[in-house]
Structure formats: structure tokens, C-alpha cells
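# Secondary and tertiary structure notes
Residue-level listing of the chains:
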Amino acid sequence: MSHWEPVLSDLVRQRGGALVRYATLLCGDRAEGEDLVQEALTKVFAVMRRPPRGDDGVAVEHAEAYVRRTVLTLYLDGYRRRRRWAAVRHLLPGSESTSGPEKHSPDRLDVDRALAVLGPKQRACMVLRYYADLTVPQIADELGVSPGTVKRHLHDAGLHLVAELDESLEGERR
């Protein structure tokens, strides 16, 4: 038996549930949390397979700290990777989510880009109003805000969209 196998067994038996709960809190999904812990354990213990430098070995507490840090790093790396991918996914051919003549429309890309600069509440209001075709009172119920707040978000978002789309039109004319 290798020097790291008892540490891995003890860590999973004693602290496995806590590690999965920690990862689940980070990512919001238990299955993804389990995957994060599994990947972190693999990474940490791949390094620990090397012979120890002393005869003291690694304690479970130290291994848990390494695994927790690795879970956090893996989560942050995945989050950054997903954000970068979401920002460029629409640029790849064949990755469109619609299947009509509008999928290659430059106007659609401009609107998508313009919507991306809106805040989350403004964007939600615009999408619910003009895509889901909800009324102002229905949007207010959906978001848990007053109809006046919805009207303000729609107005502000409209101004931002007009400015963004005007800017992109001027850029195309140059």
C-alpha cells in the first residue's frame, strides 16, 4: 500500500461529505459539486503519489486543505472558462440556437450584444416584455417588484439599447 492511500481513504471517509457540500455551495449543483471534488482529489493525490520527502507523511487535515483549495481553483477556472465561451460561442459557425433565416442576421448579433450590456433586471424586463410578450403587471409579478419599477427598467433599458444600436450602426457606416 502506498503512503498516500490511507490518507485518501481517511479523507474520503471522514470529510468526503463536507467536501461535497463545500463544492455544492460554490457551484449550486450537487452533481457538479461531486465532480469538482472528484477532480480535486485526483489532482491532489496525483501529486501525492510521489514519495514523501520525510517520514512524517501528510495528515488528513493538510490533505483536506489542499483539496478545498483545489476545489475552489477548479470552480473559478470553470466559471471563467464558461464566461469566455459564452462570449464567443455565437461567433462559431453552426453554433446558432435558432434555425431560421434570421440566424445569420447582423441585426440579431447587434441586439444580442446590446442586451449583454444591460443590467440583469433591465435585461430580464426587456426579455419578458418583448420576447415572452408579458404585460407590465405580469413582469412585476414574475420579478416580485412594482409595476412602476418595471416601467423604469424598461425605459432605462430602451435608452441603453437605442444608444448601443445607434453606436453599432455608426460603426458600420465608417
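In this convention, every chain numbers its residues from 1, walking through the sequence in written order. A pLDDT threshold of at least 70 governs which residues receive local features in this predicted model, and a stricter bar of 80 or more applies before side-chain atom pairs are shown or counted, although totals over entire chains, interfaces and linings include all residues. With hydrogens and water set aside, each side-chain value is computed from the structure's full complement of heavy atoms.

Labelled according to an unreviewed UniProt entry, the protein chain appears under the name Sigma-70 family RNA polymerase sigma factor, originating from Occultella gossypii. UniProt positions are given in the numbering used here, feature names are shortened, and annotations may be inferred rather than shown by experiment. If you open the UniProt record of the protein chain and go to Sequence similarities (unreviewed entry), you find "Belongs to the sigma-70 factor family. ECF subfamily."

## Description of the overall build of the protein chain
Check the secondary structure of the protein chain and you find 7 helices and 0 strands. Under the DSSP-based scheme used, a helix requires at least four consecutive residues in state H or I and a strand at least two consecutive residues in state E, with every element numbered from the N terminus. Moving toward the C terminus, one meets the helices and strands of the protein chain in the order α-α-α-α-α-α-α. Summary of the burial criterion: residues with accessible area below 20% of their type's maximum are buried, those above 50% are exposed, and those between are partly exposed, where the area comes from a 1.4 Å probe applied to protein chains only. Among the 174 residues that make up the protein chain, the fraction classed as buried is 26%. Contacts are assigned to residue pairs with any non-hydrogen atoms lying within 4.5 Å of each other. Partitioning the contacts of the protein chain with sequence separation of at least 6, the portion at a separation of at least 24 is 62%. For the accessible areas, the method is Shrake-Rupley and the probe is 1.4 Å, while residue cover comes only from the protein chains on display. Entry remark: accessible area of the protein chain is about 12100 Å², with carbon and sulfur atoms responsible for 54%.

## What about the packing of aromatic side chains?
By convention, a stacked pair of Phe, Tyr or Trp rings (six-membered ring in the case of Trp) has centres within 6.5 Å and planes under 30 degrees apart, an edge-to-face pair has planes over 60 apart, and any other such pair is tilted. A complete count under the given rule lists 0 aromatic pairs for this structure. Directly above the ring of tyrosine 22 sits arginine 68, whose terminal nitrogen or CZ lies 4.8 Å from the centroid. Across from the ring centre of tyrosine 130, 5.7 Å away, lies the NZ or CZ of arginine 129, which sits over that ring. Charges are assigned to positions over rings by a cutoff of 6 Å between ring centre and Lys NZ or Arg CZ, combined with an angular limit of 35 degrees from the ring normal.

## Comments concerning the side chain of glutamine 122
Tracing the chain through its elements places glutamine 122 in helix H5 (residues 120-130). Residues contacting glutamine 122, with those up to four places away along its chain left out, are His153, Asp156, Ala157 and His160.

## Quick word on the packing of helix H1 (residues 5-27) against helix H2 (residues 30-48)
Between H1 and H2, the shortest axis-to-axis distance is 8 Å and the interhelical angle comes to 135°. In terms of their interaxial angle, H1 and H2 are classed as oblique. In this structure, H1 meets H2 at a crossing whose hand is right-handed. Here Val7, Leu8, Leu11, Val12, Leu19, Val20, Ala23, Thr24 and Cys27 of H1 lie close against H2, whose contacting residues are Arg30, Glu32, Gly33, Glu34, Leu36, Val37, Leu41 and Phe45. Gly counts as polar in this scheme, as do all residues outside two lists: the nonpolar Ala, Val, Leu, Ile, Met, Phe, Trp, Tyr, Cys and Pro, and the charged Asp, Glu, Lys and Arg. In terms of residue class, the contact of H1 with H2 is built from 12 nonpolar, 2 polar and 3 charged. Every axis in this analysis is a line fitted to C-alpha atoms, fitted for helices over the stretch in contact. Angles between the N-to-C directions lie between 0 and 180 degrees. Small angles under 35 degrees read as roughly parallel and large ones over 145 as roughly antiparallel, with 65 to 115 read as roughly perpendicular and the rest as oblique. Take the far helix as the reference: if the near one is turned anticlockwise from it by less than a right angle, the crossing is left-handed, and if turned clockwise, right-handed.

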